[in-house]
Amino acid sequence: MLSDSINESSKQLTKDGKLRHLVSLENLDKNILMRLLFEAQEYTQFKKLPDRIINHNQEHTIANLFFEPSTRTRASFEIAANRLGFNVINFDIENSSGKKGETILDTVMTLKSMGVDTLVIRHKEAGIHAQLVQDIGDECIIINAGEGHISHPTQGLLDLLTIQQEKEAFEDLTVTIVGDIAHSRVARSAAQGLTTMGVKELRLVSPKEFMPSKKLTSISKHFTNLDEGLKNADVVMALRIQHERMEDTNNINLDNYIKNYRITHKAMRIAKPDAIIMHPGPMNRNIEIESSLADGEQSVILRQVANGVAVRMALLNQLTKNHEAQ
Amino acid sequence: MLSDSINESSKQLTKDGKLRHLVSLENLDKNILMRLLFEAQEYTQFKKLPDRIINHNQEHTIANLFFEPSTRTRASFEIAANRLGFNVINFDIENSSGKKGETILDTVMTLKSMGVDTLVIRHKEAGIHAQLVQDIGDECIIINAGEGHISHPTQGLLDLLTIQQEKEAFEDLTVTIVGDIAHSRVARSAAQGLTTMGVKELRLVSPKEFMPSKKLTSISKHFTNLDEGLKNADVVMALRIQHERMEDTNNINLDNYIKNYRITHKAMRIAKPDAIIMHPGPMNRNIEIESSLADGEQSVILRQVANGVAVRMALLNQLTKNHEAQ
Amino acid sequence: MLSDSINESSKQLTKDGKLRHLVSLENLDKNILMRLLFEAQEYTQFKKLPDRIINHNQEHTIANLFFEPSTRTRASFEIAANRLGFNVINFDIENSSGKKGETILDTVMTLKSMGVDTLVIRHKEAGIHAQLVQDIGDECIIINAGEGHISHPTQGLLDLLTIQQEKEAFEDLTVTIVGDIAHSRVARSAAQGLTTMGVKELRLVSPKEFMPSKKLTSISKHFTNLDEGLKNADVVMALRIQHERMEDTNNINLDNYIKNYRITHKAMRIAKPDAIIMHPGPMNRNIEIESSLADGEQSVILRQVANGVAVRMALLNQLTKNHEAQ
């Protein structure tokens, strides 16, 4: 499985090791992550990128292909692309060829043939982005904007950028992620990025029903007790709880989850006093996170949102440059 | 209640009395209305604003957040923003985080954090725009694009502009609005604007079932007889009839409404010979208005549509300037 | 009927015979087709049109009004318009005034009054585009992007361009279209264009249940036997099969269709060795066309998609120039 993963990961690179697509943060080189974070950090300083900086050969067209609904990720990519002067085309897949039985590869090939340069794709099917890279990765840029439970790499990047802004060095950090780890693409991508950046400890906290069947990364440790997971943590990330999934599960219910796993002011007393609190959004206030905590001093939740645009600008810019250099 | 309204209204102004948001026309100063109408009138002369005129510090991004469906208002804002060189992002809220239980404040905060400068919001909940101004009005511009039965201020502005183009002085005018006054945000905003502009008479005509529980403005007079309402009117505005609402009401039915309240050539004989006919659209032809009348010489219905773009350009431009001057 | 058609067709021309709207390829002059194909061919050479070439008086706004769902046609128009520097506004009609009972003419008049210059309309109702040209064709440009079973003229144009790129002269060509001819707007527009361009033979192949009640054009020959239709063909076009329609028909079922009419490697042996294979998309792989054939050397299916953008750029540019010259 590991060698498979390496192979998967290498497909997103050019022959000389530059980032060509973004499928997954798994096994992605630390230097690549750091270069993205560096450029993204620059973009956080400017509301809009001065036109001079970007100087691509031609106008670039991005298609947002969201097979699952999204406000924030789609908007974040759209704003990032607008700031780089790219054209953006949005697809509401419910109302389109997806219904007509066309394969996703044919949809993507069609858009590529129309001159779309970059495809930002959210899809519930695991492996679909890697498959598309294999099938048409020579001709256009594929970006994973959410892949079932598997991966959400741009969310992982914005999490890294936010932590880097707030804390000194990844090597000294204990990071705790709390929620439905088993079904969370956010947790997986964050865990992969944090592992590459070399955090000291990576703790994943969930009821045993939400525990993944295997370890997320080589360093991840799983806890069912919130206090144990939060003890001396530098960074605490609450995941969104999917109500509907909760109801399908016999052994767990929402009240029990809230009682034992909600991130509250009280629970945070066991973490470090300067710990930051993260959430990928959209939030269920007072379910996975105490509402006033989300708005409090430790919260960096809106900073995450702002960083999402910066990270996507850096990603789009680097992928476009690497694509044109091919 | 009146003092509440004044407080509500003052929230949309800067400390030195400039327009900072648009929540409601109620109690909005006549000078502010006139400045908007003056600038809007200029824009009606030009299909596209010359780029030189607008010189904002940076590219401006607008989000259209429509929690209720709309073609015309959303398109009108989008075209107005395009002409000012702003970026526009549209949200179909049915397919987005709205479904996922996120509060509207969190959605708006998220968009603001991504760098959205102006939020154009349609929502059925009364008071939501004022609430958003209070919560995040320091950081971005809030524009009411429709608020339940309560308010639709940009519609009111385009109605004022259209009347001003066609008639000499507001002080000499008798304006008659016909339809479901009780549930009409169009009637409320028009009534507020017309009252501020000082029309001579403001008549509201409806079956008693559609009569509002209290007077719309200090000068409004309510009629249940169409002829009495139309007598010597200078301006006649027919409201859109909501079929579905009609069926829910025991004491009134569509046939009776048509018989007694449809604006027809015959009914218009009692108004002034040069009276103009208005309708906010979309029209139910031959229900609330005789079809040939809508297309006739007295009709200014398409002029209203064109003025809608001009008024929104003026509004977006002034709010952006006042925002940047803060 | 023929004289009616000529009248219909003439409405899309200016008095001096230039193209003013695009309603149908029927009876459209060969010179007009050739001028569009010539300009479109230029655009295929450039990913993006250099800004200098286009020099319209003002920024042009296009509205995509799709009353039936579409990914590819809508995206193709949007990309073409973006490359010409036009503004594009998209409408999802399910969520808009269409639901509120407004007539399509009122919707279009409204958009025109807002300053929309060109309306790209897909609608299931036959004759609606011609009607709109008659009603408001002096004021804005109407483009047919799909009209029930009747017409899909920009698809016809991209089919012509693709054939012209691949083959020497239309006069020498045998073109075979296979599928549900009776209900295909793609077949009708292609047949009309090919007839005007003077192909040697135009063959339409379908089960007798899918045979149209009258000849598509003066030169079209209808076959129920695939081999007879394919014999020595230079161009083979497979139409998309609508599963749902299939199930409604007693005398035909999908298995029989596949057995007798699917375009396969084997079936193609009877066509010319250098025959090209076309499909309007979206494809049902292994239903109307053998999957590997669609991806094989003879296939020009993705070329068709690319040509769709070029053809729509040429069309938008010429219609805009002819409109401004009025």
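Rules behind the numbers
- Residues numbered from 1 in each chain as written.
- Chains lettered and ligands numbered in written order.
- Predicted model: local features only at pLDDT ≥ 70, side-chain atom pairs only at ≥ 80, totals over all residues.
- Axes fitted to C-alpha atoms, helices over the stretch in contact; angles between N-to-C directions.
- Helix = DSSP H or I, 4+ residues; strand = E, 2+ residues; numbered from the N terminus.
- Parallel < 35°, antiparallel > 145°, perpendicular 65-115°, else oblique.
- Left-handed = near helix turned anticlockwise from the far one by under 90°.
- Contact = placed C-beta atoms within 7 Å.
- Nonpolar A, V, L, I, M, F, W, Y, C, P; charged D, E, K, R; others polar.
- Buried ≥ 20, exposed ≤ 12 C-beta atoms within 10 Å, placed from the backbone.
- Core = buried A, V, L, I, M, F, W, Y, C linked by C-beta atoms within 7 Å.
- pLDDT = per-residue confidence, 0-100.
- Domains from an automatic or database assignment.
- Pairing = 2+ DSSP bridges.
- Least-squares fit on C-alpha atoms with pLDDT ≥ 70 in both.

**What about the packing of helix H2 (residues 30–45) of chain A against helix H6 (residues 153–166) of chain A?**
All names here are of chain A. For the pair H2 and H6, interaxial distance at closest approach is 10 Å and the crossing angle is 70 degrees. One way to sum up the angle between H2 and H6 is to call them roughly perpendicular. Crossing angle aside, the handedness with which H2 passes H6 is right-handed. Residues Leu-33, Leu-36, Leu-37, Ala-40 and Gln-41 of H2 touch H6, and the partners they reach there are Leu-157, Leu-160, Leu-161 and Gln-164. Here the residues of the contact of H2 with H6 sort into seven nonpolar, two polar and no charged.

**Re the environment of Asn87(B)**
Position of Asn87(B) among the secondary structure elements: in strand S2 (residues 87–92). By the C-beta count within 10 Å, which is 20 here, Asn87(B) ends up buried. Considered as a pair, Asn87(B) and Ser184(B) are 97 residues apart in the sequence and their alpha carbons are 31 Å apart. Those residues in contact with Asn87(B) that lie beyond four places of it in its chain are Asn82(A), Glu59(B), Thr61(B) and Ile62(B).

**Brief notes about the nonpolar core**
Ranked by size, the top nonpolar core spans 294 residues in total, and within it Leu119(A), Val236(A), Leu119(B), Val236(B), Leu119(C) and Val236(C) carry the most contacts. Look past the residues within four positions of Leu119(A) in its chain and what remains in contact with it is Ala63(A), Leu65(A), Val108(A), Leu111(A), Cys140(A), Ile141(A), Ile142(A) and Ile143(A).

**Here's the deal with the confidence of the model for chain A**
Summarising the model, chain A shows a mean pLDDT of 90, and 88% of its residues fall at 70 or more. Long-range and interchain partners of residues 1–6 of chain A, a stretch whose pLDDT sits below 50, account for three contacts in this model, where long-range means more than four residues apart.

**Regarding the domain arrangement of chain A**
Reports of interface size often rely on the accessible area that becomes lost once the parts have come together. Residues and elements named next belong to chain A. One can read the domain layout of chain A as domain 1 (2–152 + 306–324) and domain 2 (153–301). If you list the elements that add at least two residues to the side of domain 1 that touches domain 2, you get H2, strand S4 (141–147) and helix H13 (301–324). Across the side of domain 1 that touches domain 2, the residue classes break down as 12 nonpolar, 10 polar and five charged.

**Some words on the sheet that holds strand S4 (residues 141–147) of chain B**
Residue and element names in this part refer to chain B. Spatially, four strands are ordered S2-S1-S3-S4 in an open sheet, and the strand pairing comes out parallel. At either end of the open sheet lies a strand with only one pairing partner, and these are S2 and S4. Recorded for the sheet is a direction-independent mean angle of 15 degrees between the axes of neighbouring strands. Contacts from helix H5 (residues 128–136) reach strand S3 (118–123) and S4 within the one sheet, and its direction differs from that of S4 by about 170 degrees.

**Overview of the packing of helix H2 (residues 30–45) of chain C against helix H13 (residues 301–324) of chain C**
Each pair of packed helices gets described by two things: the angle between the helix axes and the distance between those axes. Residue and element names in this part refer to chain C. Where H2 meets H13, the axes come as close as 8 Å, and the angle between the chain directions of the two elements is 125 degrees. Compared by their axis directions, H2 and H13 come out oblique. When you trace H2 past H13, the crossing you get is right-handed. On H13, the residues touching Leu-36, Glu-39, Ala-40, Tyr-43 and Thr-44 of H2 are Ala-306, Asn-307, Ala-310, Val-311, Met-313, Ala-314, Leu-315, Asn-317 and Gln-318. Residue classes in the contact of H2 with H13 are distributed as nine nonpolar, four polar and one charged.

**Considering the sheet that holds strand S1 (residues 61–66) of chain C**
All names here are of chain C. Strand order in the open sheet formed by four strands is S2-S1-S3-S4, with parallel pairing between adjacent strands. Looking along the sheet, the strands with just one partner apiece sit at the ends: strand S2 (87–92) and strand S4 (141–147). Neighbour-to-neighbour, the strand axes of this sheet turn through a mean angle of 15 degrees, independent of strand direction. As defined by bridge partners, S1 adjoins S2 across six bridges and the pair is classed as parallel. Within S2, the residue paired with Ala-63 across the bridge is Ile-89. Seen against the sheet, helix H3 (residues 72–83) touches S1, S2, strand S3 (118–123) and S4 and runs at an angle of roughly 180 degrees to S1.

**Re the interface of chain A and chain B**
Residue-level contacts link 21 residues of chain A with 23 residues of chain B. Secondary-structure elements contributing two or more residues to the side of chain A that touches chain B are helix H3 (72–83) and H13 of chain A. Tallying contributions element by element places H3(A) first for the side of chain A that touches chain B, with six residues. Of the residues contributing to the side of chain A that touches chain B, the split by class is nine nonpolar, six polar and six charged.

**Quick look at the interface of chain B and chain C**
On the chain C side, the residues contacting the 21 residues of chain B number 23 residues. When residues of the side of chain B that touches chain C are traced back to their parent elements, those giving at least two are helix H3 (72–83) and helix H13 (301–325) of chain B. A per-element tally of the side of chain B that touches chain C places H3(B) first, with six residues. Along the lines of polarity and charge, the residues of the side of chain B that touches chain C split into nine nonpolar, six polar and six charged.

**Quick word on the relation of the copies chain B and chain C**
For these two chains of identical sequence, chain B goes onto chain C by a turn of 120 degrees and a shift of 0.0 Å along the axis, with RMSD 0.0 Å. The relationship between the two copies is best expressed as a three-fold rotation axis. Interface overlap between copies is the fraction of interface residues in one copy that are interface residues in the other; for chain B against chain C it is only 5%, indicating separate surfaces.

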